[in-house]
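Residue-level structural notes
As a plain string of letters, each chain reads:
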Amino acid sequence: MDGNGRWAKKAGKKRFAGHTRGAETVSEIVEEAARKKIKFLTLFAFSTENWNRPKKEVNLLMKLLVSSLKKEFSRLNKNKIKLCSVGDLNSLPNSVKDELMFVIEKTKKNKKMVLTLALNYGAKEEIIEAVKTISNKVKNSIISPEKVDESTIISHLYTRNLPPVDLLIRTSGEERISNFLLWHIAYAELYFTKTLWPDFKKEDFQKALINYKKRERRFGKTSEQII
Ligand code: FPP
């Protein structure tokens, strides 16, 4: 969800106005994804690197998260969306943790779509934590080193309950991954658009889905093999 700051600058507003408008886009895209019967939608809401932003912006973003969770809670339930989070929640303010836990608990039985917020998330850190836990298990003879395989790694990631990513969308013209879901994007289709996140409407999302549908996903095989 990139480009909130640039959107605000273009509109002659403070950066935070871009985030506020970005939160409205979140609402529209989440609803559209559920309507399109997408089973998993994961949003990069706050990265481990985002702590390096000015303190005022970080605080306002945290406040926006709390108010968005409060505001969207009933809509999530109405659309049968289950909220989850990935990332290290320990360093988040209690207000965010409490509201997040409340909504996660209250939406846990919803089955239409899983909406995952990546919060204080960094894929490298996620992999390091998994390696540490696995190493300890090996050291304590809980896992034998020869048995370590893909499923061992996956089951120790924050994202253990997520399937591989089919489509990764980044808005705002930047063509980078920025430490997002590194394991799960191994075979993801990448879609980059110049549209800034606050301007990314459901029509833009539909366009990305149409583009994705046209792609041939070979997973290392030949075209003939996948027909
Ligand atoms: C990137 O744009 C955006 C963020 C770091 C924050 C994303 C947050 C929201 C969309 C609002 C709240 C989220 C939820 C889940 C309700 P940027 O600030 O890096 O933009 P720039 O590159 O143009 O400066």
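Above this note sits the structure.
Let me begin by describing the structure that accompanies this report. (Residues numbered from 1 in each chain as written. Predicted model: local features only at pLDDT ≥ 70, side-chain atom pairs only at ≥ 80, totals over all residues. Heavy atoms only, no water.)

1. Quick word on the overall build of the protein
The condition is simple: Secondary structure is summarised from DSSP: a helix means a run of H or I of at least four residues, a strand means a run of E of at least two, and numbering begins at the N terminus for each. Partly exposed describes any residue whose relative accessible area lies between the buried limit of under 20% and the exposed limit of over 50%, with all areas from a 1.4 Å probe on protein chains only and scaled to the type maximum. When checking whether two residues touch, look at their non-hydrogen atoms; a contact exists if any pair is within 4.5 Å. Values of accessible area rely on a 1.4 Å probe in the Shrake-Rupley scheme; residue burial ignores everything except the protein chains shown.
Counting secondary structure elements, the protein contains eight helices and five strands. Counting helices and strands in the order they occur from the N terminus, the protein gives α-α-β-α-β-α-β-α-α-β-β-α-α. Here the C-alpha coordinates of the protein stretch approximately 60 × 50 × 35 Å along the principal axes. The 227 residues of the protein split such that 40% are buried. Within the protein, contacts between residues at least 6 apart in sequence are counted, and of these 72% link residues at least 24 apart. Accessible area of the protein: about 13,400 Å², with a carbon and sulfur share of 54%.

2. A short note on the site of the ligand
Rules: One heavy atom within 4 Å of a molecule or strand makes the whole residue count as near it. Between N or O atoms, a polar contact is any pair within 3.5 Å; within protein, one atom must be a potential hydrogen donor and the other a potential acceptor, and residues adjacent in sequence are included only when both atoms are from side chains.
Taken together, 18 residues lie near the ligand, and M1, G5, R6, R15 and R53 sit nearest. A distance of 3.1 Å separates an oxygen atom of the ligand from a polar atom in the backbone of N4. Within the contact set of the ligand, an oxygen atom lies 2.7 Å away from a backbone nitrogen or oxygen of R6. Protein burial of the ligand: of its 630 Å² of free accessible surface, 90% is covered by the chains. Secondary-structure elements contributing two or more residues to the shell around the ligand are α1 (4–10), α2 (15–35) and α3 (55–78). Among the elements that take part in the shell around the ligand, α2 stands out by supplying four residues, more than any other.

3. Here we look at helix α5 (residues 123–139)
Think of an α-helix as turning once every 3.6 residues; residues three or four places apart then point the same way. Definition in use: Given the number of residues in a helix, its expected span is that number minus one, multiplied by 1.5 Å.
Between its terminal C-alpha atoms α5 stretches 24 Å, which fits the 24 Å expected from 17 residues at 1.5 Å a residue. At its buried positions, α5 is contacted by β3 (113–121) and α6 (150–155).

4. Re the environment of Q206
Mapped onto the secondary structure, Q206 falls in helix α7 (residues 202–213). Taking the C-alpha atoms as reference points, Q206 and I29, separated by 177 residues in sequence, lie 9.7 Å from one another. Those residues in contact with Q206 that lie beyond four places of it in its chain are E32, R35 and K36.

5. Remarks on the pairing of strand β4 (residues 167–170)
Our working definition: DSSP-based pairing: two strands are paired if at least 2 bridges between them are found.
Judged by which residues are buried, β4 turns out to be one-sided: L168 and R170 face inward and are buried, whereas L167 and I169, on the alternate face, are not. The sheet contact formed by β4 and strand β5 (residues 189–192) spans four bridges and is parallel. For I169, the partnering residue across the bridge sits in β5 and is Y191.

6. What about the packing of α2 against α3?
A pair of packed helices is captured by two measures, namely the crossing angle of their axes and the spacing between those axes. What counts, and what does not: For every element, the axis is a line fit to its C-alpha atoms; helices are fit only across the contacting stretch, and the angle between N-to-C directions ranges from 0 to 180 degrees. Orientation labels follow simple angle bins: below 35 degrees gives roughly parallel, above 145 gives roughly antiparallel, 65 to 115 gives roughly perpendicular, and whatever is left gives oblique. Less than a right angle of anticlockwise turn of the near helix away from the far helix marks a crossing as left-handed, whereas a clockwise turn marks it as right-handed.
Orientation of α2 relative to α3, taken along the N-to-C sense of each, is 25°, at an axis distance of 11 Å. Classified by the interaxial angle, the pair formed by α2 and α3 is roughly parallel. Judged by the sense of rotation from one axis to the other, the crossing of α2 with α3 is right-handed. Seen from α2, the contacting residues are R15, F16, H19, T20, A23, S27, V30 and E31; seen from α3, they are E57, L60, L61, L64, S68, E72, R75, L76 and K78.

7. Side note on the nonpolar core
When a protein is soluble and globular, its nonpolar side chains tend to lie buried together. Defined as follows: Only buried Ala, Val, Leu, Ile, Met, Phe, Trp, Tyr and Cys residues count toward a nonpolar core, and they belong to the same one when joined by side-chain atoms within 4.5 Å.
The biggest cluster of nonpolar side chains holds 30 residues, and the ones touching the most others in it are V30, L83, L100, M113, L115 and L119. Elements represented by at least two residues in this core include exactly α2, β1 (40–47), α3, β2 (81–86), α4 (94–106), β3 and α7. Of all the elements, α3 adds the most residues to this core, at seven residues. Leave out the neighbours within four places in its chain, and M113 touches V30, A33, A34, I38, K39, F40, L41, K80, I81 and K82. The next biggest cluster of nonpolar side chains, apart from the first, holds 11 residues, and it includes V86, A118, V165 and L168.

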